[in-house]
Amino acid sequence: MSDVTIRSDRAPEPVGPYPHARRVGNLVFLSGMGPRERGTNAVPGVTRDADGNMIDYDIAIQTRSVLENIRVVLEDAGLGLDGIVDVLVFLTNIERDFAGFNRVYGEYFGGQGRPNPTRTTVQVGALPQGGDAPIAVELKVIALAD
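About the criteria used
Residues numbered from 1 in each chain as written. Predicted model: local features only at pLDDT ≥ 70, side-chain atom pairs only at ≥ 80, totals over all residues. Heavy atoms only, no water. Helix = DSSP H or I, 4+ residues; strand = E, 2+ residues; numbered from the N terminus. Rg over C-alpha atoms; globule rule 2.2 N^0.38 Å. Buried < 20%, exposed > 50% of the residue type's maximum accessible area, 1.4 Å probe, protein only. Contact = heavy atoms within 4.5 Å. Areas by Shrake-Rupley, 256 points an atom, 1.4 Å probe, with all protein chains shown as cover. Lys, Arg positive; Asp, Glu negative; His and termini not counted. Charge placed at Lys NZ, Arg CZ, Asp CG, Glu CD. Axes fitted to C-alpha atoms, helices over the stretch in contact; angles between N-to-C directions. Parallel < 35°, antiparallel > 145°, perpendicular 65-115°, else oblique. Left-handed = near helix turned anticlockwise from the far one by under 90°. Nonpolar A, V, L, I, M, F, W, Y, C, P; charged D, E, K, R; others polar.

1. A short note on the overall build of the chain
And step 1. Per the secondary structure count, the chain includes two helices and eight strands.
And step 2. Its helices and strands in sequence order give the chain the pattern β-β-β-β-β-α-β-α-β-β, from N to C terminus.
And step 3. Taking 2.2 N^0.38 as the reference for a compact globule, 146 residues should give roughly 15 Å; the C-alpha atoms of the chain span a radius of gyration of 15 Å, in line with that estimate.
And step 4. The principal-axis extent of the C-alpha atoms belonging to the chain is close to 55 × 35 × 25 Å.
And step 5. Of all 146 residues assigned to the chain, the portion counted as buried reaches 42%.
And step 6. Here the contacts in the chain between residues at least 6 apart in sequence split such that 66% fall between residues at least 24 apart.
And step 7. Surface summary for the chain: the accessible area is close to 7,400 Å², and the carbon and sulfur share equals 50%.
And step 8. Positive and negative side-chain charges of the chain, numbering 14 and 19 respectively, have mean locations separated by a distance of 4 Å.

Written out as structure tokens, the structure reads:
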């Protein structure tokens, strides 16, 4: 069985000692992916006060950023979003953010002609920051490589 480590030059750098993904046989396991931007570690969708402190965030912008980060890792592994078979979603505020997250998620998955992976969504107390602001969403996905 093959075992290949996948690192993307287009996705945000991992915040710890792990790769973006790992392919074992025909399964590709992506490490948890947040909305950070490569190189700058900026977190999109953050609103700051005059002193630079985060006062709010836009879950739709963060969700889109996460999904685009996942897309580039999969592309660098020779796959696309249509290869995703399972998604684990972590939200820091499910009551506030679920509807906005779900709306953007629906743009990528579950519609006619789009992939429809299984999904689990959970609320967590916090997510690893690794950027210039706390993140509100992270996804962990498993994809199938034919």
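And the narrative resumes.
2. With respect to the packing of helix α1 (residues 59-76) against helix α2 (residues 94-108)
And step 1. Taken N-terminus to C-terminus, the directions of α1 and α2 make an angle of 40°; their axes are 9 Å apart at the nearest point. As judged from the angle between their axes, α1 and α2 are oblique. The two elements α1 and α2 cross, and the hand of that crossing is right-handed. Along the contact surface, α1 presents I59, A60, T63, R64, L67 and E68, while α2 presents D97, G100, F101, V104, Y105, E107 and Y108.
And step 2. Partitioning the contact of α1 with α2 into residue classes produces seven nonpolar, two polar and four charged.

3. Some remarks on the environment of D58
And step 1. Looking at where D58 falls in the secondary structure, it is placed in the loop between β5 (54-57) and α1.
And step 2. For D58, a relative accessible area of 32% gives the class partly exposed.
And step 3. Sequence spacing of D58 and T47 is 11 residues, and the spatial spacing of their C-alpha atoms is 8.1 Å.

The values are spatial; any link to function lies outside them.
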